[in-house]
Amino acid sequence: MKIIIAGTGSALPVRSVTNDELAKTVDTSDEWIRSRTGIGARHIAGPEEELDVLGAAAAEQALARAGISAEELGLIIYGTATAGYVTPSAACRVQARIGAVNAVCFDLNAACSGFLYSMYTAESMMRMGRCRYALIIGGDMVTRYLNWEDRSTCVLFGDAAGAAVLAATDAEDAGDILSFSMGSNGSKGAVLSCRTLPEDHYLTMNGQEVFRFAVRTVPACIRDALEKAGAEKEEVKYFILHQANARIIEAAAKRLEMPLDRFPMNLPDTANTSAGTIPVLLDQMNRDGRLQRGDLLVLSGFGGGLTWGAAVLRY
Ligand code: UT7
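Each value, and the rule that gives it
Residues numbered from 1 in each chain as written. Predicted model: local features only at pLDDT ≥ 70, side-chain atom pairs only at ≥ 80, totals over all residues. Heavy atoms only, no water. Patch = residues over 30% accessible without salt bridge, like charges linked within 9 Å, V, L, I, M, F, W, Y side chains within 5 Å. Areas by Shrake-Rupley, 256 points an atom, 1.4 Å probe, with all protein chains shown as cover. Salt bridge = Lys/Arg side-chain N within 4 Å of Asp/Glu carboxyl O. Lys, Arg positive; Asp, Glu negative; His and termini not counted. Charge placed at Lys NZ, Arg CZ, Asp CG, Glu CD. Helix = DSSP H or I, 4+ residues; strand = E, 2+ residues; numbered from the N terminus. Phe/Tyr/Trp six-rings, centres within 6.5 Å; stacked < 30°, edge-to-face > 60°. Buried < 20%, exposed > 50% of the residue type's maximum accessible area, 1.4 Å probe, protein only. Pairing = 2+ DSSP bridges. Axes fitted to C-alpha atoms, helices over the stretch in contact; angles between N-to-C directions.

A. Here's a closer look at a positive patch on the surface. A surface patch of positive charge is lined by Arg212, Arg216, Arg223 and Arg255. A per-element tally of the positive patch places helix α7 (residues 207-229) first, with three residues.

B. Geometry of the packing of aromatic side chains. Evaluated as defined, the whole model comprises four aromatic pairs. With 6.2 Å between their ring centres and 75° between their planes, Phe213 and Phe302 make a pair best called edge-to-face. Of this pair, Phe213 sits in helix α7 while Phe302 sits in strand β12 (residues 296-303), placing them 89 residues apart in sequence. You can call Phe213 buried: its relative accessible area is 7%. The class for Phe302 is buried, based on a relative accessible area of 4%. For the pair Phe213 and Trp308, a centre-to-centre distance of 5.8 Å together with 65° between the ring planes defines the contact as edge-to-face. Taken together, the positions of Phe213 in helix α7 and Trp308 in strand β13 (residues 307-314) put the pair 95 residues apart, joining distant regions of the chain. In this structure Trp308 comes out as buried when scored by relative accessible area, which is 19%. Put simply, the rings of Phe213, Phe302 and Trp308 pair up and form one aromatic cluster.

C. Focus on unusual backbone geometry. Cis geometry is found at the peptide bond from Thr87 to Pro88, where omega equals 0°. With respect to the helices, strands and loops of the structure, Pro88 is situated in the loop between β4 (75-79) and α4 (90-98). For the bond running from Gly305 to Leu306, omega is -5°, close enough to zero to count as cis. Checked against the element boundaries, Leu306 lands in the loop between β12 and β13. A positive phi is found at Ala271, a non-glycine position, where the angle reads about 55°. Within the secondary structure, Ala271 sits in the loop between α9 (267-270) and α10 (277-287). Here Ser274, not a glycine, exhibits a phi torsion of approximately 55°, which is positive. Its place among the elements puts Ser274 in the loop between α9 and α10.

D. Highlighting the sheet that holds strand β6 (residues 133-141). Spatially, β1-β7-β6-β4-β5 is the arrangement adopted by the five strands of the open sheet, whose pairing is mixed. The open sheet has two edge strands, β1 (2-11) and β5 (104-108), and neither has a second partner. The sheet shows a mean angle of 20° between the axes of neighbouring strands, direction not considered. In this sheet, strand β7 (residues 159-169) lies alongside β1 in antiparallel orientation, the contact comprising nine bridges. Its bridge partner being in β7, Ala11 is matched across the sheet by Ala161.

Spelled out as structure tokens, the structure:
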């Protein structure tokens, strides 16, 4: 059995805030943000643009592109750390919006690695024969947990959701998810932390430590996943990495000794949308024709937990 990405979708809040606009209320500048991070603007959700609203919009596009109905889904996993509700889950709320009445639905919190962890979980369940079609969504509303007086964090994040329909198939010429390399290190959880208490709900981060962790871990888990897949890095068409900071992506490319043009970025427009970055970028690339069936792709994310992961797939 093979498991393919049958369709993708994405949704961004309407309001986009540029670095210059942010600099009117925060002690920062477009020059600082751009040169340190590659970020130019971020989308910030309004009160009506809840996580399930964005997730359902992304899901409906992914279903349409996959050519299946919501009733055919057996599983919905929403990778998110900012569901907004203790219960019902964001996945159940998406289910209600799209009418996926036959799906088992739950959220999965692996912070910025949420989409990869969701893919890892769905793939295992599909290989066991639990369902033929699964919807995985990655999305976050980090802006609701930011201290807008802390310039070291508030300039970095935006809101978004992206989705993919995974399909199990026996077709000879189909692609497949070939390997994963995943990990967690809870003993380092404090370097990127956010509680949900009414009096304490701001995200705090040791940026430099996260930076060092990412630059070390991302190339290592990509190498491991490629080895497990029996593939060479030169065969990879695109390395679709978590969009946290352009300098992290540049450092990963350098350590992997691969040209930067194989590392697409959407940081200038959407900033770090946590679990949203990988599926949103995947969908943008799908829509603008950069993804072709048969391409070898690497997806890799890292973030709070700490968590990280890489997947190698034949698109
Ligand atoms: O999904 C995972 C999420 N987290 C990450 O990806 C974080 C990874 N880390 C980073 O991206 C970088 O560490 C940052 C972008 C957060 C910070 O960049 P940096 O090059 O490590 O800067 P820094 O923390 O060393 O700060 C340098 C200076 C400091 O001033 P002094 O002490 O040198 O006077 C900061 O106060 O830059 C100052 N600074 C700012 N200045 C203008 C920090 N934030 C800002 C700001 N605007 N927004």
